[in-house]
Amino acid sequence: MERTLILFKPDAIQRGLVGEILGVFEKKGLKIVGMKMLRMTPDLSKRHYAHLVDKPFYADLEKFMTSQPIIAMVLEGVEVVSVVRDIVGATNARKAAPGTIRARFSNSLSRNVIHASDSVETAKKEISNFFSDEELFEYDFALKPFFYAGDEE
Ligand code: IDP
Ligand code: MG
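Keep in mind the model is a prediction, meaning the values are calculated, not measured.

Draft legend 1. Summary view of the overall build of the protein. Scanning the protein from terminus to terminus reveals seven helices and four strands. The order of helices and strands in the protein, counted from the N terminus, is β-α-α-β-α-α-β-α-α-β-α. Taking 15 Å as the expected radius of gyration for a compact globule of 153 residues, we find that the protein reaches 15 Å, a close match to that expectation. Considering only C-alpha atoms, the protein reaches an extent of 50 × 35 × 25 Å along its principal axes. Relative to its 153 residues, the protein shows a buried fraction of 46%. Within the protein, residue pairs in contact and separated by at least 24 positions form 75% of the contacts whose partners lie at least 6 positions apart. Roughly 8400 Å² of accessible area belongs to the protein as shown, and the carbon and sulfur atoms make up 54% of that amount. With 21 positive and 22 negative side-chain charges, the protein shows a separation of 9 Å between the mean positions of the two kinds.

Definitions and limits used
- Residues numbered from 1 in each chain as written.
- Chains lettered and ligands numbered in written order.
- Predicted model: local features only at pLDDT ≥ 70, side-chain atom pairs only at ≥ 80, totals over all residues.
- Heavy atoms only, no water.
- Helix = DSSP H or I, 4+ residues; strand = E, 2+ residues; numbered from the N terminus.
- Rg over C-alpha atoms; globule rule 2.2 N^0.38 Å.
- Buried < 20%, exposed > 50% of the residue type's maximum accessible area, 1.4 Å probe, protein only.
- Contact = heavy atoms within 4.5 Å.
- Areas by Shrake-Rupley, 256 points an atom, 1.4 Å probe, with all protein chains shown as cover.
- Lys, Arg positive; Asp, Glu negative; His and termini not counted.
- Charge placed at Lys NZ, Arg CZ, Asp CG, Glu CD.

This is how it looks when you write it as structure tokens:
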């Protein structure tokens, strides 16, 4: 089954939004298979945001993401990468579709509360940047038949 990386950015932690945002994913039926608080280093930021290091806003992004601890989480579910991206909404929270996490909890282009992987390939790379194999867990929901029909997995 697919996995995706979520980062609760410093703004989510400072604003006390972690529990509410986490609840959105839990109620959706997505499974938490890894979670930890860590301090992002400039090196990790450059790896995670490799596609953005040449952008004019990168310096501010790195400064922000390394300014305090963040929370990293891996979610598992059927087609979880695209499902979570849709729930998270557009990068610019002012343009994010109503009901998405960014639309609900932010009004900013850069302080947009969480990160979510944008493709299955990216998710694999991003997860390995943040988690070792031992930090990721395989288990079943006891009520699994109530989350998915047998032919969906
Ligand atoms: P994403 O977070 O929606 O995947 P990316 O383009 O991968 O968007 O950008 C990563 C992060 O960099 C964004 O979430 C946002 O915090 C920041 N960012 C992206 N574009 C801009 C910009 O044009 N100005 C300022 N910050 C930006
Ligand atoms: Mg991205």
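Now that the structure has been shown, we can carry on.
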